[in-house]
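Fold and contact review
As a plain string of letters, each chain reads:
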Amino acid sequence: MDFENERKTCDGHLLKWLFAAGLAWLERHEEQVNRMNVFPVPDGDTGINMRLTMNRAYQAIAQMDEDHVGVVASHIAKGALFGARGNSGVILSQLLKGFADSIEDKATFNTRDFARACQNAVELGYQSVGEPIEGTMLTVARESSEAIQQLVTETDNLIVTLDTLLDAARESLKQTPDILPVLKNAGVVDSGGQGLVFILEGMSRLLHGESVDTDGVGVAEAVAEDWQSALMPEDEEGYGYDVQFLMHGDALDVVKVRGDIDAMGWSTLVVGDSTLIKVHVHVHDPGQPLSYAVGTGAIIDDIVVENMQAQYEHYVQD
């Protein structure tokens, strides 16, 4: 699809096309993102998790023919929450929700709206993580958003704004190994940040009339000689289990659930509202958070339990 060199607004139809292009470009580079996945657990599934999250979000709008951009964005965010997988997927879902919340009442958005929505996305993304770690996709999202806040007072061109966002995201991604030692030791950039860059690249390619069906250059991978020892678990019990599920109810307390789940393990992400909560946590006993959720009276479904120690062993053997 061809677009003019200058575009000042985005409606629901364009947002749908942009999201589809971001998903397609991420899917094209899924394995590259997987290979970079060393933090917080070297289990090689960041690309898969981000793609699954994006795909579920897109399915929420796939059959829509909606001009109102706020309506489309809200459906994307809801779909992403339902389909969120892994740390990267849950954080991505919150970035999408923050963006959607900012434009929910708008029929179209312009550059200033876009910059505010990106800022809101970053704020919610950081809030979703108990102890945000810099050098991750959160850093890439924040620094790229910061790069366009002043720019939008100088231009009303959305294409220029998105390209600036993308350039800043690429530069931020390159710096992630200097911030997070485990990345430098393994010789990679942050996998979630790389996934986010691929999503933005797909959107940019669409606006410039470029195909999302051909391979791009991406970011070169450097592999450190001692990368395997750098990824060994610090806990003598190993990496444990990744537990994810949805809680459904009428009066759920997100703050209390987050605190209770966090006390059971680590890498905790608990997001949602009084009727739907997405839980993600790393634990050694996967039955504990599941039993807790049932004990609150909530209905649970979409349960995923993954053996991260086994995934790690498989990852370092490949």
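Above this text sits the structure in question.
In what follows, the accompanying structure is described. Bear in mind that the values here come from a model prediction, so they are computed numbers and not experimental data.

Conventions adopted
Residues numbered from 1 in each chain as written. Predicted model: local features only at pLDDT ≥ 70, side-chain atom pairs only at ≥ 80, totals over all residues. Heavy atoms only, no water. Helix = DSSP H or I, 4+ residues; strand = E, 2+ residues; numbered from the N terminus. Contact = heavy atoms within 4.5 Å. Axes fitted to C-alpha atoms, helices over the stretch in contact; angles between N-to-C directions. Parallel < 35°, antiparallel > 145°, perpendicular 65-115°, else oblique. Left-handed = near helix turned anticlockwise from the far one by under 90°. Nonpolar A, V, L, I, M, F, W, Y, C, P; charged D, E, K, R; others polar. Pairing = 2+ DSSP bridges. Buried < 20%, exposed > 50% of the residue type's maximum accessible area, 1.4 Å probe, protein only. Core = buried A, V, L, I, M, F, W, Y, C linked by side-chain atoms within 4.5 Å. Salt bridge = Lys/Arg side-chain N within 4 Å of Asp/Glu carboxyl O.

Attention now moves to the overall build of the chain. Counting secondary structure elements, the chain contains 14 helices and four strands. Restricting the contact set of the chain to residue pairs at least 6 apart, pairs at least 24 apart contribute 73%.

The interhelical angle for the contact between helix α8 (residues 158–179) and helix α10 (residues 191–207), taken along N-to-C directions, is 155°, at an axis separation of 10 Å. When the interaxial angle is binned, α8 and α10 end up roughly antiparallel. Crossing geometry of α8 relative to α10 is assigned as left-handed. Residues Ile159, Leu162, Asp163, Leu165, Leu166, Ala169, Arg170 and Leu173 of α8 pack against Gly193, Gln194, Val197, Leu200, Glu201, Met203, Ser204 and Leu207 of α10. Of the residues belonging to the contact of α8 with α10, the class tally is 10 nonpolar, three polar and three charged.

Attention now moves to the sheet that holds strand β3 (residues 276–283). If you walk across this open sheet you meet the four strands as β2-β3-β1-β4, and the pairing is antiparallel. Either end of the sheet is taken by a strand with one partner, and the two such strands are β2 (266–272) and β4 (299–307). Neighbouring strand axes in the sheet, compared pairwise and without regard to direction, differ in orientation by 10° on average. Of the pairings in the sheet, the one linking β2 to β3 comprises five bridges and is antiparallel in character.

Most of β3 sits out of view: eight of its eight residues are buried. Of the two faces of β3, both are covered, the one formed by Leu276, Lys278, His280 and His282 as well as the one formed by Ile277, Val279, Val281 and Val283. Across eight bridges, strand β1 (residues 241–248) lies against β3 in antiparallel orientation. Across the sheet, Phe245 pairs through a bridge with Val279, a residue of β3.

So, on to the nonpolar core. Core analysis: the largest hydrophobic core is formed by 77 residues, its most contacted members being Cys10, Phe19, Ile76, Phe99, Phe109 and Phe114. Setting aside residues up to four positions removed in sequence, Cys10 forms contacts with Leu15, Leu18, Val69, Ala107, Thr108, Phe109 and Leu158. If you look at the next biggest cluster of nonpolar residues, it comprises 17 residues, including Ile261, Met264, Val283 and Tyr292.

Two side chains of opposite charge can pair, provided their charged atoms sit close to one another. In total, this model carries 13 salt bridges according to the counting rule given. The partner of Arg85 in a salt bridge is Asp302, with the nearest N and O atoms 2.7 Å apart. Placement of Arg85 in the loop between α4 (69–83) and α5 (86–103) and of Asp302 in strand β4 is noted, with a sequence separation of 217 residues between them. The partner of Asp167 in a salt bridge is Arg170, with the nearest N and O atoms 3.6 Å apart. Residue Asp167 and its partner Arg170 are both found in helix α8; the two are separated by three residues, about one turn of the helix. Judged by its relative accessible area of 46%, Asp167 falls in the partly exposed class.

Glancing now at unusual backbone geometry. Here the phi dihedral of Ser267 falls at roughly 50°; this positive angle occurs in a residue that is not glycine. Structurally, the position occupied by Ser267 is in strand β2. On the accessibility criterion, Ser267 (22% relative accessible area) is partly exposed. Although it is not a glycine, Asp302 adopts a positive phi angle of roughly 50°. Asp302 sits in the partly exposed class, given a relative accessible area of 25%.

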